[in-house]
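Residue-level structural notes
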Amino acid sequence: MNKPVTAPNPAEAEPIETAKMNMIQAINSAMDVMLGRDPDVLVFGEDVGYFGGVFRATEGLQKKHGLNRCFDTPIAEAGLIGTAIGMAAYGLRPCVEIQFADYIYPGFDQIVSEAARLRYRSAGDFWCPLTIRSPYGGGIFGGQTHSQSPEALFTHIAGVKTVIPSTPYDAKGLLIAAIEDDDPVVIFEPKRLYNGPFNGDPETPVTPWQKIEGNDVPVGHYTVPLGKARIARPGADVTVLAYGTMVHVAVAAAEAVGVDAEVVDLRTLAPVDIETIAASVMKTGRCVIVHEATRTSGFGAELSALVQEACFYHLESPIERVTGWDTPYPHAFEWEYFPGQKRVGAALKRVMEA
């Protein structure tokens, strides 16, 4: 029988060691912690071993934990995800990297038809503790094949959790929670945030995460619960629903136009924290939804429907969406496509004037 867990006495608790990390370092730390804690955890993908990943998110892990715990795979996304599903079914906890989210599509069938369905189709005899990490989004001049935001496709799949962090603290805590989860989790990492927060103005120099006040990431093990949003900026006039890079753009836009916006960082898209969303919209009476992905059938449409269903009698103006356009991500017109401060600020003023 499991023994009940006794809460520690706060007076006896040891101080938590923290460090200033950028998002890459926080993600690396999460995998390092889990490789050290659990012998069933594996890290693999294209160039993640000796090279340390194209963004260096796995740098040093192979050297520290060995070739059998962190290793390279062929450029075959369906194969590496399929292999990871088999490992997960046998009790391992693979954490695999898809080098760019744009290249996750060859493995999509494996995620949808196998990973997401395994627990259900086996009546609970098998499950799939698989974590898939992938850099996503634009803002780095990656063009149409290195800038996509496919998160809405995964939120549509029952059995898969979809997570997008916006800070180094959340990136590490959410990744550890994902690896410890007994079901498949897809984590999209906003690569525009890897080295520092981004306010949407391409002319503004990047401020490194290490210089951001309050960016203290615990060195050891901790988790950020999946399915729980956070209030990135408290406010009273309008609710902004955002995730990833758009959290920082929304905060900057609200301050630029002088609107007292409450910015809700969703963190997890599926399952989404409708309680926090509804509480905020019921308080403010207005809602703006911001995401970088294309508009049609983007996750913002689902959020709009949820807000309409939960908060209809509290809304004082129509719900606004600020999104990417229904085109491939254009290299030459990146900042016309990217939902920057001007477009978000204009939407905030529209809902306030409605």
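Notes on the structure in this doc start here. (Residues numbered from 1 in each chain as written. Predicted model: local features only at pLDDT ≥ 70, side-chain atom pairs only at ≥ 80, totals over all residues. Heavy atoms only, no water.)

1. Some points on the pairing of strand β4 (residues 93-97)
Among the 5 residues in β4, 5 count as buried, and that is most of the element. Because side chains alternate across β4, one face comprises the buried residues R93, C95 and E97, and the other comprises P94 and V96, equally buried. As defined by bridge partners, strand β2 (residues 41-45) adjoins β4 across 5 bridges and the pair is classed as parallel. Looking at β4, one finds that G45 is bridged to E97. (Buried < 20%, exposed > 50% of the residue type's maximum accessible area, 1.4 Å probe, protein only. Helix = DSSP H or I, 4+ residues; strand = E, 2+ residues; numbered from the N terminus. Pairing = 2+ DSSP bridges.)

2. Examining the sheet that holds strand β9 (residues 230-233)
Across the sheet, 5 strands lie side by side as β9-β11-β10-β13-β14; this open sheet has mixed pairing. Two strands bound the open sheet, and with one partner strand each, they are β9 and β14 (320-324). Across the sheet, the axes of successive neighbouring strands diverge by a mean angle of 25°, strand direction being ignored. As defined by bridge partners, strand β13 (residues 287-294) adjoins β14 across 4 bridges and the pair is classed as parallel. Residue pairing in the sheet places V288 in a bridge with E320 of β14. The strands that helix α9 (residues 274-284) touches are β9, β10 (238-242), β11 (261-265) and β13; relative to β10, the one it contacts most, it runs at about 155°. (Axes fitted to C-alpha atoms, helices over the stretch in contact; angles between N-to-C directions. Contact = heavy atoms within 4.5 Å.)

3. What about helix α3 (residues 77-89)?
Along its 13 residues, α3 runs 18 Å from first to last C-alpha, staying within 8% of the 18 Å computed at 1.5 Å per residue. Taken together, the buried positions of α3 are E77, L80, I81, A84, I85 and A88. Along the axis of α3, the buried positions cluster into a sector of 140°, meaning they face one direction only. Turning to α3, the residues buried within the fold contact β2, β4, α4 (108-115) and β5 (131-136). G91, located one to two residues past α3, shows a positive phi value of around 105°. (Expected span 1.5 Å × (residues − 1). Arc of directions from axis to C-beta.)

4. Here we look at the sheet that holds strand β12 (residues 268-270)
Spatially, 7 strands are ordered β3-β2-β4-β5-β7-β6-β12 in an open sheet, and the strand pairing comes out mixed. Only two strands of the sheet have a single neighbouring strand rather than two, namely β3 (70-72) and β12. Averaged over neighbouring strand pairs, the angle between their axes works out to 20° when direction is ignored. With 6 bridges joining them, β5 and strand β7 (residues 185-190) adopt parallel strand pairing. Within β7, the residue paired with Y136 across the bridge is P190. Packing of α3 onto the sheet brings it into contact with β2, β3, β4 and β5, and relative to β4 it is tilted by some 165°.

5. Points about the pattern of salt bridges
Any two side chains of opposite charge can pair, so long as their charged atoms come close to each other. In this structure the tally under the stated criterion is 18 salt bridges. Linking R119 and D183 is a salt bridge whose minimum nitrogen-to-oxygen distance equals 2.9 Å. Here D183 lies in the loop between α7 (168-180) and β7 and R119 lies in helix α5 (residues 118-121), a separation of 64 residues in the sequence. A relative accessible area of 19% places D183 in the buried class. The salt bridge involving E262 is made with K283; its shortest N-O contact spans 2.6 Å. With E262 in strand β11 and K283 in helix α9, this residue pair connects regions lying 21 residues apart in the sequence. We classify E262 as buried; its relative accessible area is 5%. (Salt bridge = Lys/Arg side-chain N within 4 Å of Asp/Glu carboxyl O.)

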